[in-house]
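# Understanding the architecture of this molecule
Read off the chains here:
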Amino acid sequence: MERKIVNVMEDLASSLITVMLTSPEYQLFCKCEQCRMDILAYSLNNLPSHYVSTKEGKERAFEQLNTNQHRRWINKRIIHAIHVVGKYPKHYKAVQ
Ligand SMILES: [Zn+2]
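Residues numbered from 1 in each chain as written. Predicted model: local features only at pLDDT ≥ 70, side-chain atom pairs only at ≥ 80, totals over all residues. Heavy atoms only, no water.

## Some details on helix α1 (residues 8–22)
Residues that lie three or four places apart on an α-helix share one face, since the helix turns once every 3.6 residues. Where we set the bar: Secondary structure follows DSSP: runs of H or I at least 4 residues long count as helices, runs of E at least 2 residues long count as strands, and numbering of each begins at the N terminus. Expected span, for any helix, means 1.5 Å times one less than how many residues it has. Relative accessibility decides the category of a residue: with a 1.4 Å probe and only protein chains considered, values under 20% of the type maximum give buried, values over 50% give exposed, and everything between is partly exposed. Contacts are assigned to residue pairs with any non-hydrogen atoms lying within 4.5 Å of each other. In protein, a polar contact requires one atom able to donate a hydrogen and another able to accept it; more generally it is a pair of N or O atoms within 3.5 Å, and residues adjacent in sequence count only if both atoms are side-chain atoms.
For α1, with 15 residues, the first-to-last C-alpha span of 22 Å sits near the 21 Å given by 1.5 Å per residue. Buried residues of α1: V8, M9, L12, A13, S14, L16, I17, M20 and L21, and no others. Next to the buried residues of α1 lie β1 (6–7), α2 (33–45), β2 (51–52), α3 (55–65) and α4 (68–87). The distance from a side-chain oxygen at the start of α1 to the backbone nitrogen of M9 is 3.1 Å, and the residue carrying that oxygen is N7.

Rendered as structure tokens:
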């Protein structure tokens, strides 16, 4: 079934995490799917959600959120999440 609403912050955080994990600064951090999802979940718990129900609304919200100013504080929370997950990785729990 098609999703009716999406959290634009989730899409934005997800792409920012991907960019960040590919930078040399984070080359020592685990990039497995479990850690990535954990970083995303942890980040989203500390970020305001931004739900939309239409494609147009999604594009508009993404444009509004994806500015240098917004990315700066969103990235701060993502960096914090990367460090927390890096310190307490759960990937061993996912291998089953
Ligand atoms: Zn991992």
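## Overview of the coordination of the zinc ion
Here is the rule we go by: Distances up to 2.8 Å from the metal define which N, O and S atoms are donors, and 3.2 Å serves for Na, K and Ca; water is absent from the atom set, so sites may look incomplete. Square planar and octahedral sites, with four and six donors, are those where opposite donors lie more than 155 degrees apart and all other angles lie between 65 and 115, tetrahedral sites have four donors with every angle between 85 and 135 degrees, and the rest are irregular.
All of the protein donors around the zinc ion are C30 (SG), C32 (SG), C35 (SG) and H91 (ND1); their distances to the metal are 2.1 to 2.3 Å. Each of the four donor atoms around the zinc ion contributes to a set of angles spanning 94 to 125°, which defines the coordination as tetrahedral. Going along the chain, you hit the donors of the zinc ion in the pattern C-x1-C-x2-C-x55-H. Look at C32 and you get partly exposed, because its relative accessible area is 26%.

## Focus: the packing of α1 against α3
Here is the rule: Note on geometry: axes are lines fitted to C-alpha atoms, helical ones only across the stretch in contact, with angles between N-to-C directions running from 0 to 180 degrees. An angle below 35 degrees is read as roughly parallel, one above 145 as roughly antiparallel, one from 65 to 115 as roughly perpendicular, and any other as oblique. We call a crossing left-handed when the near helix sits turned anticlockwise from the far one by less than a right angle, and right-handed when that turn is clockwise. The classification used treats Ala, Val, Leu, Ile, Met, Phe, Trp, Tyr, Cys and Pro as nonpolar, Asp, Glu, Lys and Arg as charged, and all other residues, Gly among them, as polar.
For the pair α1 and α3, interaxial distance at closest approach is 9 Å and the crossing angle is 50°. Taken together, the axes of α1 and α3 lie oblique to each other. As α1 runs across α3, the sense of the crossing is right-handed. Touching V8, M9, D11, L12 and S15 of α1 are K58, A61, F62 and L65, all from α3. Its residues assigned to classes, the contact of α1 with α3 comprises six nonpolar, one polar and two charged.

## Side note on the environment of S23
Along the chain, the position of S23 falls in the loop between α1 and α2. Separated by 40 residues in sequence, S23 and E63 have C-alpha atoms that sit 23 Å apart.

## Some words on the packing of aromatic side chains
Threshold: Classification of ring pairs rests on two measures: the distance between centres of Phe, Tyr or Trp rings, Trp counted by its six-membered ring, which must be within 6.5 Å, and the angle between planes, read as stacked under 30 degrees, edge-to-face over 60 and tilted in between.
Applying the stated criterion to the full structure yields one aromatic pair. Ring centres of Y26 and F29 lie 5.6 Å apart, and the angle between their planes is 55°; this geometry places the pair in the tilted category. Judged by its relative accessible area of 4%, Y26 is buried.

## A look at α2
Between its terminal C-alpha atoms α2 stretches 18 Å, which fits the 18 Å expected from 13 residues at 1.5 Å a residue. Of the residues making up α2, those classed as buried are C35, R36, D38, I39, L40 and S43.

## Considering the pattern of salt bridges
Basically, it comes down to this: Think of a salt bridge as a Lys or Arg side-chain nitrogen and an Asp or Glu carboxyl oxygen that are within 4 Å of each other.
Enumeration over the complete set of coordinates arrives at four salt bridges. We note a salt bridge from K90 to D38, for which the minimum N-O separation is 3.7 Å. Placement of the pair is K90 in the loop between α4 and α5 (91–94) and D38 in helix α2, with a sequence separation of 52 residues. Judged by relative accessible area, which is 15%, D38 ranks as buried. A salt bridge links R60 to E56, with the nearest nitrogen and oxygen atoms 3.6 Å apart. With R60 and E56 both in helix α3 and four residues apart, the pair spans about one turn of that helix. Since its relative accessible area comes to 46%, R60 is described here as partly exposed.

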